[in-house]
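# Structural characterization, general
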Amino acid sequence: MKAAQITQYGDASVVSIKQDVPRPPAGSGNMIVEVHAASLNPVDSAIRMGYLHQMVPIAFPATLGSDFAGVVVEADPGIGTFKTGDKVFGMASAIAGGSGTFAEYSSARVGMTAKAPAGLSFLEAAALPLAGVSALQAMETLKVSKGSTIFIQGGSGGIGTFAIQIAKRLGARVIASCRTSAVDYVKSLGADQVIDFEKTALPGSLHDCDVVFDTAGGA
């Protein structure tokens, strides 16, 4: 099968497209998915650069990619939940028990995979897992609830876009920051107040927030 792999850590130049990579075996608790779409997240670049190698080293050659959407072509009979032909999405990073998703086929763990909503395309489903779960976990950890006010820094980013929508669904008042070109988009997601950080300094612009969720980092 075809796959985007690395044989060493480094910048984008270390990535090569291999044409004859063996299809990964299903293994216990895993399934084989024909990948129809895969999304790129900052962590994928961090893995490629080796920033995480002390915590989660990978074996070379390694197939990159975490998020995916596709169709089950082989499943461990003991799984039960999934069967051949199921449309699924999830995370199958090489550092989390998968085989990487920038490939025609990927081995995915049952606990990191779910059946994809029928109304979503493969492209839409592949964009959900890492960013969506990160936002959901943050809202649960921060105990965002009806009547609370949350400030989301980086409202137009992958995690920020989900965080805005989840917080609104929970009944919170949402203030979000973004650059000028994204103001209308962030408003369309449901933000009650949008701060254009290219025009307005954040210090002095925020008042009476119960929770701050910073997805951008830095000063």
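This write-up is about the structure you can find in this document. These figures come from a predicted structure and were not determined experimentally.

Membership of the largest hydrophobic core comes to 22 residues, with the highest contact counts inside it found for Met139, Ile150, Ile152 and Ile164. For this core, the element with the highest residue contribution is helix α4 (residues 158-169), accounting for four residues. In terms of nonpolar packing, the next biggest core, distinct from the first, is built from 10 residues, Val72, Ile79, Val88 and Ala108 among them.

With that settled, the discussion passes to the packing of helix α3 (residues 129-141) against α4. At a minimum axis separation of 8 Å, α3 and α4 run at an interaxial angle of 50°. Here α3 is positioned oblique relative to α4, judged by the angle of their axes. You can see that α3 and α4 cross each other, and the crossing is right-handed. Where α3 abuts α4, its residues Ala131, Gly132, Ser134, Ala135, Leu136 and Met139 lie against Gly158, Ile159, Phe162, Ala163, Ile166 and Ala167. In terms of residue class, the contact of α3 with α4 is made up of nine nonpolar, three polar and no charged.

The next subject is the pairing of strand β12 (residues 211-214). Burial along β12 is one-sided: the residues Val211 and Phe213 are buried and none of Val212 and Asp214 is. Bridging between strand β9 (residues 149-153) and β12 involves four bridges; their strand directions are parallel. Bridge pairing in β12 links isoleucine 150 to valine 211.

Within this structure, the stated rule accounts for four salt bridges. The closest approach of N and O atoms between lysine 83 and aspartate 86, which form a salt bridge, is 3.2 Å. A salt bridge links aspartate 192 to lysine 168, with the nearest nitrogen and oxygen atoms 3.1 Å apart. Of the two residues, aspartate 192 is situated in the loop between α5 (183-188) and β11 (193-196) and lysine 168 in helix α4; the sequence distance between them amounts to 24 residues. For aspartate 192, a relative accessible area of 42% corresponds to the partly exposed category.

Strand order across the open sheet formed by three strands is β2-β1-β4, with antiparallel pairing between neighbours. Two strands bound the open sheet, and with one partner strand each, they are β2 (16-18) and β4 (62-63).

Between two aromatic rings, the relevant description is the distance of the centres plus the angle of the planes. In this structure the tally under the stated criterion is one aromatic pair. Ring geometry for tyrosine 9 versus phenylalanine 60: centroids 5.0 Å apart, planes at 75°, classification edge-to-face. Of the two residues, tyrosine 9 is situated in the loop between β1 (3-6) and β2 and phenylalanine 60 in the loop between α1 (42-49) and β4; the sequence distance between them amounts to 51 residues. Here tyrosine 9 falls in the partly exposed class, since its relative accessible area comes to 26%. Its end group placed over the ring of tyrosine 105, arginine 23 keeps NZ or CZ at 5.1 Å from the ring centre. It is lysine 87 that lies over the ring of phenylalanine 122; its NZ or CZ is 4.8 Å from the centre.

Of all five residues in β9, five are buried, a share of seventy percent or more. Because side chains alternate across β9, one face comprises the buried residues Thr149, Phe151 and Gln153, and the other comprises Ile150 and Ile152, equally buried. Here β9 pairs with strand β10 (residues 173-178) via four bridges, running parallel. If you follow threonine 149 over to β10, its bridge partner there is arginine 173.

Definitions and limits used
Residues numbered from 1 in each chain as written. Predicted model: local features only at pLDDT ≥ 70, side-chain atom pairs only at ≥ 80, totals over all residues. Heavy atoms only, no water. Core = buried A, V, L, I, M, F, W, Y, C linked by side-chain atoms within 4.5 Å. Buried < 20%, exposed > 50% of the residue type's maximum accessible area, 1.4 Å probe, protein only. Helix = DSSP H or I, 4+ residues; strand = E, 2+ residues; numbered from the N terminus. Axes fitted to C-alpha atoms, helices over the stretch in contact; angles between N-to-C directions. Parallel < 35°, antiparallel > 145°, perpendicular 65-115°, else oblique. Left-handed = near helix turned anticlockwise from the far one by under 90°. Contact = heavy atoms within 4.5 Å. Nonpolar A, V, L, I, M, F, W, Y, C, P; charged D, E, K, R; others polar. Pairing = 2+ DSSP bridges. Salt bridge = Lys/Arg side-chain N within 4 Å of Asp/Glu carboxyl O. Phe/Tyr/Trp six-rings, centres within 6.5 Å; stacked < 30°, edge-to-face > 60°. Lys NZ or Arg CZ within 6 Å of the ring centre and 35° of its normal.

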